[in-house]
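Here's the letter readout for the chains.
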Amino acid sequence: MTASQETVFLQGHIIDSLILAKVLDTILMMGGTFDLQDVKIGATRDAPSQARIVVRAPSSRVLGEILRAIQPHGAAIEREEDCRFEPAPAAGVFPDQFYATTHLPTQIRLDGEWVEVEGLEMDLGICVDPAKARARTVPMGAVTAGELIVTGRDGIRVTPLARPTERDVFGFMESVVSSERPHQPVIADIAQRMQKLRAWHRQGHAGAKVLLAGGPAIVHAGGRDALAWLVDQGYVQVLFCGNALAAHDMEAGLYGTSLGYGLAAGRSVPHGHEHHLRTINRIRAIGSIQEAVRSGVVADGIMAACVRRDVKMVMAGTIRDDGPLPGVLTDSMEAQQAMRAEIHGVGLALLVASTLHAIATGNLLPATIPTVCVDVNPAVPTKLADRGSFQAVGLVMDAASFLIELARELGWRP
Amino acid sequence: MSRLLVCRPDYFQIDYEINPWMRRTNAVDPARAIGQWQALMDVLVHDVGAGLEQMRPVQGLPDMVFTANAGVVVGRRALVSRFRYPERQREEAYFERWFREQGYEVLTLDKNLYFEGAGDLLGFPDTWFGGYRQRSDIQAFPRLSEIFQREIIPLELIDTRFYHLDTCFCPLSGGEVLYFPSAFDSYGQAAIAQRLPEDRRLVVPEEEALRFACNAVCIGKQVVIPAACPRTTQLLESRGYRTYAVQLDEFMKSGGAAKCLTLALD
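So, here's what we can say about the structure. Not measured: the values here are computed from a predicted model.

## Some thoughts on the overall build of chain B
Line of reasoning, step 1. Regarding its fold elements, chain B presents eight helices and 15 strands.
Line of reasoning, step 2. Going through the 266 residues of chain B one by one, you find that 49% of them count as buried.
Line of reasoning, step 3. Excluding contacts between residues fewer than 6 apart, the proportion of contacts in chain B whose partners are at least 24 apart in sequence is 67%.

Structure below.
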């Protein structure tokens, strides 16, 4: 639930008199939190100081109590305005002054009431239905002519994430990405979180799905069995990948190689470079990955596990894909929509060994979803951490080591 | 010479109850009240050497005798009070008229801000302290600070018996303050302590605070205080002040004493 909030303004000799301290203490003691904005300290003794304070509380009732308590000390509620909106001038075009979203919980003020914006995602517009008092995010390309789009900055509230209540690795709100960081405790926390989510998912709770976005390095590096086991055990509900992860996973099943390298022998095998093409060709002949698994042609590995466990798969194509495999979405806007549709209900995102899919997925996710980014290249988790999310954990490590360690934490004994 | 605005208690009585001291059953003895007031004036004029400006009392406005609440005067500018209780709001027009007739530039605050004059605004030449919560609104002080170009430290009054700042806080000419700390919350006490080191804070014991020891008039090194405050008297004398005790119990029935009965004009 998004906290209730109100902005108040305090001015005068509020520093030496400890009035500011009293107001802030009162907010905390009554169960609220605050953000100090625009604090101006008077330059001379007789010059007044001023502070703008955003007061947040777990409910509107508590907020009301806090405001009543601090008003006698001079905290004046700032007048809030309704948000403004204009019709989209054409299909796929926002009005000039459109408001661009963040990935943080957002509310807009319609007719004096704060309305939650649905479909949290960064870099979109906000489409308003004043009659129903509802608002949702909308991508630029998806807007239809005449839809009402929020403009300007008035009447819009963006709420920074509250500190998570869980005391695990996600609760520390650090975005430090370091290759020196010990991995084991972080992975143990992720495993614990996945165990809890699996139990919730089985009980039918919303928001308990685990999303994995991965690249083919999972297969190259030897993480295939561990990930297949995780899927089989019901720890993953959504898979985002490209043509390559699926192709090399099934190549490993059919030929025992990954991009021509014998996974067991560790060296290239004669004509091995053809294996992934022959795999793709075979699946194209069968018609679908699902059918290849059902018919027993693909018997093990990640794809087989995903089909067996009915994992939602979105495969997004790229420019020089071979084939591609049936089911790969080659229209990138279509792929974006398909990924967006599967984000709903996700409670943990694992972005493993794919710059492309990790960043695309990261930008689709609201900041409220705990996210783990694993890559040997520190630039990828760093970019994710730069989104300012409090619940993003970056691990600079090899994909296979991560998945194997994670699976072991969860009971995998190969 | 210090000049003080005063108003004869011809119509002084308890007509209503707007602070914990006031009980309509606790009737004022008019002759005694006039006698006590006159004795105070005698001390102020003959012993302390103050000059008095008198304004005419108005029938039906019993509390006009407490001129400290008329407003705040700095030089030739007078800012007129806006009372919280309707019972005293009718006094505003009379105080304002008096200031105008005397040639003061009259200033007022926004209509929706309560501010009860020198009763809630006291201090030293450069730093003032403002009492709020009981009668005056804290929001009045940034405006007053702007008008008079003074720092004003707001202090919350947390004890209804000490409903104006001048009932529990009395700055002295030597830079000390006579005060009753428990009338303030911990923030207010800390703010006072931050501005005034311990040797400049003269703490009045509760039984004397309840006899309005802090409601004193300090002019130069002379202090006029209500009677029966021996420890406060001793404190003041140890700092070199000459004290004059005046019996003012008729006015305490209404919640006021020496300071409340005067307004410093310059």
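After that view of the structure, there is still more to cover.
## So, the overall build of chain A
Line of reasoning, step 1. Helices and strands together make up the secondary structure of chain A, namely 13 helices and 20 strands.
Line of reasoning, step 2. A buried classification covers 44% of the 414 residues belonging to chain A.
Line of reasoning, step 3. In chain A, 65% of the contacts between residues at least 6 apart in sequence involve partners at least 24 apart.

## Describing the nonpolar core
Line of reasoning, step 1. Counting residues in hydrophobic clusters, the biggest one holds 99 residues, and the most contacted among them are Cys214, Ala216 and Ala258 of chain B.
Line of reasoning, step 2. Here this core takes five residues from helix α1 (residues 19-29) of chain A, the largest share from any one element.
Line of reasoning, step 3. Not counting residues within four places of it along the chain, the set of residues in contact with Ala216 of chain B comprises Cys170, Leu178, Val223, Val224, Ile225, Ala258 and Lys259 of chain B.
Line of reasoning, step 4. Val298, Ala353, Leu365 and Cys373 of chain A belong to the second-largest nonpolar core, a separate cluster that totals 81 residues.

## So, the sheet that holds strand β2 (residues 51-55) of chain B
All names here are of chain B.
Line of reasoning, step 1. On the basis of which strands lie adjacent, the open sheet formed by three strands has the order β2-β1-β15 and mixed pairing. The outermost strands of the open sheet, each flanked by one partner alone, are β2 and β15 (263-264).
Line of reasoning, step 2. With five bridges joining them, strand β1 (residues 3-7) and β2 adopt parallel strand pairing. Looking at the pairing, Val6 lines up with Gln54 of β2.

## Description of the packing of α1 of chain A against helix α2 (residues 60-70) of chain A
Residues and elements named next belong to chain A.
Line of reasoning, step 1. Between α1 and α2, the shortest axis-to-axis distance is 10 Å and the interhelical angle comes to 155 degrees. Here α1 lies roughly antiparallel to α2, going by the angle between them. Our pair here, α1 against α2, has a crossing hand that is right-handed. Of the residues in α2, those touching α1 at Val23, Thr26 and Ile27 are Ile66, Ala69 and Ile70.

## A closer look at the pairing of strand β9 (residues 134-138) of chain A
All names here are of chain A.
Line of reasoning, step 1. Both strand β7 (residues 113-118) and β9 contribute to a ladder of two bridges, which runs parallel. Of the residues in β9, the one forming a bridge with Glu118 is Arg136.
Line of reasoning, step 2. Between strand β8 (residues 125-129) and β9, which follow one another and run antiparallel, lie four residues, and Ala133 among them has a positive phi close to 55 degrees.

## Concerning the interface of chain B and chain A
Much of the literature gives interface size as the accessible area that the parts lose upon coming together.
Line of reasoning, step 1. In this assembly, 16 residues from chain B lie in contact with 15 residues from chain A.
Line of reasoning, step 2. Contributing elements (two or more residues each) for the side of chain B that touches chain A: α4 (140-148), β8 (151-156) and α5 (186-195) of chain B.
Line of reasoning, step 3. Taken together, the residues of the side of chain B that touches chain A break down into nine nonpolar, four polar and three charged.

## What about α2 of chain A?
Residues and elements named next belong to chain A.
Line of reasoning, step 1. When we look at burial in α2, the residues that qualify are Leu63, Ile66 and Ile70. Looking down the long axis of α2, one finds its buried residues gathered within 65 degrees of arc, a one-sided arrangement. With respect to the buried face of α2, the exposed residues turned more than 90 degrees away are Arg61 and Arg68.
Line of reasoning, step 2. Residues of α2 that are buried in the fold lie against β1 (4-12), α1 and β3 (49-57).

## Topic: the sheet that holds strand β10 (residues 177-179) of chain B
Residue and element names in this part refer to chain B.
Line of reasoning, step 1. Overall, mixed pairing links the three strands, which are arranged β9-β10-β11 in an open sheet. Lying at the two open borders of the sheet, with one neighbouring strand each, are β9 (169-171) and β11 (201-203). When the angles between neighbouring strand axes are averaged without regard to direction, this sheet yields 20 degrees.
Line of reasoning, step 2. Relative to β11, β10 runs parallel, the two being bridged by three bridges. Within β11, the position partnered with Val177 by the bridge is Arg201.

## Comments concerning unusual backbone geometry
Line of reasoning, step 1. Residue Pro324 of chain A is reached from Gly323 of chain A by a cis peptide bond, and omega for that bond is -5 degrees.
Line of reasoning, step 2. Residue placement: Pro324 of chain A occurs in the loop between β16 (312-316) and β17 (328-329).
Line of reasoning, step 3. The phi dihedral of Asp123 of chain A is positive, around 65 degrees, even though this residue is not glycine.
Line of reasoning, step 4. Position of Asp123 of chain A relative to the elements: it lies in the loop between β7 and β8.
Line of reasoning, step 5. In this structure, Arg133 of chain B takes a positive phi of about 100 degrees despite not being glycine.
Line of reasoning, step 6. Checked against the element boundaries, Arg133 of chain B lands in the loop between β7 (127-132) and α4.

## A word on the packing of helix α5 (residues 224-232) of chain A against helix α13 (residues 399-409) of chain A
Residues and elements named next belong to chain A.
Line of reasoning, step 1. One way to put it is that α5 packs onto α13 with a least axis distance of 8 Å and a crossing angle of 40 degrees. It follows that α5 is oblique to α13 by the angle criterion. Of the two possible hands of crossing, α5 and α13 adopt the one that is left-handed. For the pair formed by α5 and α13, the contact residues are Ala226, Leu227, Trp229 and Leu230 on the first element and Leu403, Ile404 and Ala407 on the second.

## Focus on the environment of Ile156 of chain A
Residues and elements named next belong to chain A.
Line of reasoning, step 1. Tracing the backbone shows Ile156 in strand β11 (residues 156-158).
Line of reasoning, step 2. Accessibility expressed as a C-beta count within 10 Å gives 21 for Ile156, which makes it buried.
Line of reasoning, step 3. Distance in space between the C-alpha atoms of Ile156 and Val117 is 9.9 Å, their sequence separation being 39 residues.
Line of reasoning, step 4. Apart from residues lying up to four places away in sequence, Ile156 is in contact with Cys83, Tyr99, Thr106, Ile108 and Val150.

## Thoughts on α5 of chain B
Line of reasoning, step 1. Those residues of α5 of chain B that fall on the buried side of the exposure criterion are Tyr187, Gly188, Ala191 and Ile192 of chain B. The buried side chains of α5 of chain B occupy one side of the element, clustering within an arc of 135 degrees when seen end-on. In α5 of chain B, the exposed positions that point more than 90 degrees away from the buried face belong to Ser186 and Gln194 of chain B.
Line of reasoning, step 2. At its buried positions, α5 of chain B is contacted by α1 of chain A together with β8 and β11 of chain B.

## Some points on the pairing of strand β12 (residues 209-214) of chain A
Residue and element names in this part refer to chain A.
Line of reasoning, step 1. With six of six residues buried, β12 is to be regarded as a mostly interior element.
Line of reasoning, step 2. Side chains Lys209, Leu211 and Ala213 of β12 all project onto a buried face; the interleaved residues Val210, Leu212 and Gly214 project onto the opposite face, where all are buried too.
Line of reasoning, step 3. Examined bridge by bridge, β12 and strand β18 (residues 346-352) share six bridges and lie parallel to one another. Bridge pairing in β18 places Leu212 opposite Leu350.
Line of reasoning, step 4. Judged from the three bridges that link them, β12 and strand β13 (residues 238-241) form a sheet pairing that is parallel. Across the sheet, residue Ala213 finds its bridge partner in β13, namely Phe240.

## Re the environment of Leu395 of chain A
All names here are of chain A.
Line of reasoning, step 1. Assignment of secondary structure puts Leu395 in strand β20 (residues 392-396).
Line of reasoning, step 2. For Leu395, a count of 25 C-beta atoms within 10 Å puts it in the buried group.
Line of reasoning, step 3. For the pair formed by Leu395 and Pro182, sequence separation is 213 residues and the distance between their alpha carbons is 9.1 Å.
Line of reasoning, step 4. Aside from chain neighbours lying at most four places away, what touches Leu395 is His183, Val186, Val372, Val374, Pro381 and Phe402.

So, how was this worked out
- Residues numbered from 1 in each chain as written.
- Chains lettered and ligands numbered in written order.
- Predicted model: local features only at pLDDT ≥ 70, side-chain atom pairs only at ≥ 80, totals over all residues.
- Helix = DSSP H or I, 4+ residues; strand = E, 2+ residues; numbered from the N terminus.
- Buried ≥ 20, exposed ≤ 12 C-beta atoms within 10 Å, placed from the backbone.
- Contact = placed C-beta atoms within 7 Å.
- Core = buried A, V, L, I, M, F, W, Y, C linked by C-beta atoms within 7 Å.
- Pairing = 2+ DSSP bridges.
- Axes fitted to C-alpha atoms, helices over the stretch in contact; angles between N-to-C directions.
- Parallel < 35°, antiparallel > 145°, perpendicular 65-115°, else oblique.
- Left-handed = near helix turned anticlockwise from the far one by under 90°.
- Nonpolar A, V, L, I, M, F, W, Y, C, P; charged D, E, K, R; others polar.
- Arc of directions from axis to C-beta.

By themselves, these are just geometric observations and shouldn't be taken as functional.
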